[in-house]
Protein chains: 2
Amino acid sequence: MEKYTVRNKIRKLRFQNNEMTQEQLAEKAGVTRQTIIAIESAKYSPSLELAFRIALAFGVPLGDVFSYDPEDESNQIINK
Amino acid sequence: MEKYTVRNKIRKLRFQNNEMTQEQLAEKAGVTRQTIIAIESAKYSPSLELAFRIALAFGVPLGDVFSYDPEDESNQIINK
DNA sequence: CTTATATGTAATATATACTTGACATAATGT
DNA sequence: ACATTATGTCAAGTATATATTACATATAAG
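Residues numbered from 1 in each chain as written. Chains lettered and ligands numbered in written order. Predicted model: local features only at pLDDT ≥ 70, side-chain atom pairs only at ≥ 80, totals over all residues. Heavy atoms only, no water.

1. Here's the deal with the relation of the copies chain B and chain A
Overlaying chain B with chain A gives an RMSD of 0.0 Å, the required rotation being 180 degrees about an axis along which the chain moves by 0.0 Å. Accordingly, the operation relating the two chain copies is best matched by a two-fold axis. An overlap of 100% is found between the interface residues of chain B and their copies at the interface of chain A, pointing to a shared contact surface. (Least-squares fit on C-alpha atoms with pLDDT ≥ 70 in both. Contact = heavy atoms within 4.5 Å.)

2. Points about the pattern of salt bridges
One pass over the full model with this rule turns up eight salt bridges over all chains. Here Glu40(A) makes a salt bridge to Arg14(A), at a shortest N to O gap of 2.9 Å. Remark: Arg14(A) occurs in helix α1 (residues 10-16) and Glu40(A) occurs in helix α3 (residues 33-40); sequence separation between them is 26 residues. On the basis of relative accessibility, which here comes to 13%, the residue Glu40(A) falls in the buried class. Looking at Arg14(A), the relative accessible area reads 7%, which means it is buried. The shortest N-O distance in the salt bridge between Arg53(B) and Glu49(B) comes to 3.9 Å. Of this pair, Arg53(B) and Glu49(B) both sit in helix α4 (residues 48-58), four residues apart, which is roughly one turn of the helix. For Arg53(B), a relative accessible area of 25% corresponds to the partly exposed category. On the basis of relative accessibility, which here comes to 29%, the residue Glu49(B) falls in the partly exposed class. (Salt bridge = Lys/Arg side-chain N within 4 Å of Asp/Glu carboxyl O. Helix = DSSP H or I, 4+ residues; strand = E, 2+ residues; numbered from the N terminus. Buried < 20%, exposed > 50% of the residue type's maximum accessible area, 1.4 Å probe, protein only.)

What follows is the structure, given as structure tokens:
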């Protein structure tokens, strides 16, 4: 029954790679800056195609940008 | 200027893995059979989230199911 | 010949991704 | 004080993914 969520490292990658700006990434990925903002802040998750293009823009495989993880991150220590 | 396209190996994987039927895969991925048909026959490419769930259903990483390739496959031998 | 199962197609409807445009703010530089 | 650059937000519209329903076909089994 586990619930999963899509996570991304766009922000990290933007700063590692040439201090890439949102607008530059948007242009490289062929998409609007609004779209980058929305994805970066996880307002929604991109289409598979766009996910591939973003990974391409950074020159890394898709798995280095996006992951599909269980929605935990809270209850590790708290369990009694 | 290269044009890319999303390709998938769903059909192959369905037959390798337990002769999985479209409906079974749909159920595992939490989606309609129609959606599986459309993606399998590349009528459209899935959302990133669904792509992850399909890969999970097969127990393989996303890259084993979907790829982002140049739209060639035609002009290799024909170039004079 | 019928029944069941797997696959395909098509129409309409809903949800979500993506665009466009406008405006706000903080930081930096002149 | 003004201009520029990067980031963020909000609203309305367009495009595409996904759901729903219904029907068609092929195959294998009885």
